[in-house]
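Each chain, letter by letter, is given below.
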Amino acid sequence: MSFKDVIWVAGILIMMGATWGMTSQRINAMEKDMDRIEEALIMFTKMDSRIAVIETEVKNINKKLDAMSN
């Protein structure tokens, strides 16, 4: 192997390492985004169930008010 070949191999290895590092950073960023999306979905589900409870309570209050006015 000549000195030129060693330089080429070293350059290729450095570029592979840089590519690996960038790819792992992107994967970590995507994982964080997925975690945030999951937390948002959980919060939305909780809000949806709370809205359903509030809606039921408002209907019950309206029925009681209608019964009181008759």
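In case you missed it, the structure is sitting above this.
Residues numbered from 1 in each chain as written. Predicted model: local features only at pLDDT ≥ 70, side-chain atom pairs only at ≥ 80, totals over all residues. Heavy atoms only, no water.

Where do I start with the overall build of the protein in this structure?
Broken down by element type, the protein carries one helix and zero strands. Taken along its principal axes, the extent of the C-alpha atoms in the protein is 100 × 10 × 10 Å. Within the span of the protein, comprising 70 residues, buried residues form 0% of the whole. When the accessible surface of the protein is totalled, it reaches about 6,900 Å², and 68% of it is carbon and sulfur. (Helix = DSSP H or I, 4+ residues; strand = E, 2+ residues; numbered from the N terminus. Buried < 20%, exposed > 50% of the residue type's maximum accessible area, 1.4 Å probe, protein only. Areas by Shrake-Rupley, 256 points an atom, 1.4 Å probe, with all protein chains shown as cover.)

Help me understand a negative patch on the surface in this model?
Residues E31, D35, E38 and E39 make up a contiguous surface patch of negative charge. When its relative accessible area of 54% is taken as the criterion, E39 is described as exposed. (Patch = residues over 30% accessible without salt bridge, like charges linked within 9 Å, V, L, I, M, F, W, Y side chains within 5 Å. Salt bridge = Lys/Arg side-chain N within 4 Å of Asp/Glu carboxyl O. Lys, Arg positive; Asp, Glu negative; His and termini not counted. Charge placed at Lys NZ, Arg CZ, Asp CG, Glu CD.)

Looking at this structure, I do not really get the environment of T23. What am I missing?
Tracing the backbone through its elements, the reader meets T23 in helix α1 (residues 3-69). Classification of T23 by relative accessible area gives partly exposed; the value is 38%. In the structure, T23 is positioned 12 residues away from D35 in sequence and 18 Å away in space, judged by C-alpha atoms. For T23, the side chain forms a polar contact with the main-chain oxygen of T19, separated by 2.8 Å. (Polar contact = N/O pair within 3.5 Å; in protein donor to acceptor, adjacent residues only side chain to side chain.)

Sorry if this is basic, but what is going on with the environment of V9 here?
Looking at the secondary structure, you find V9 in helix α1. Looking at V9, the relative accessible area reads 38%, which means it is partly exposed. Placed 19 residues apart in sequence, V9 and N28 show a C-alpha to C-alpha distance of 29 Å.

Please clarify how the pattern of salt bridges should be interpreted in this entry.
Where charged atoms of side chains with opposite charge meet at close range, the side chains can pair. Here the structure, examined in full by the defined rule, presents two salt bridges. Its salt-bridge partner being R36, residue D33 comes within 3.3 Å of it at the nearest N-O pair. Pair noted here: D33 and R36 are both in helix α1, with a separation of three residues, about one helical turn. Exposure remark for D33: the relative accessible area of 36% places this residue in the partly exposed category. Owing to a relative accessible area of 54%, R36 belongs among the exposed residues under this scheme. The closest approach of N and O atoms between E55 and K59, which form a salt bridge, is 3.8 Å. Placement of the pair is E55 and K59 together in helix α1, with a separation of four residues, close to one helical turn.

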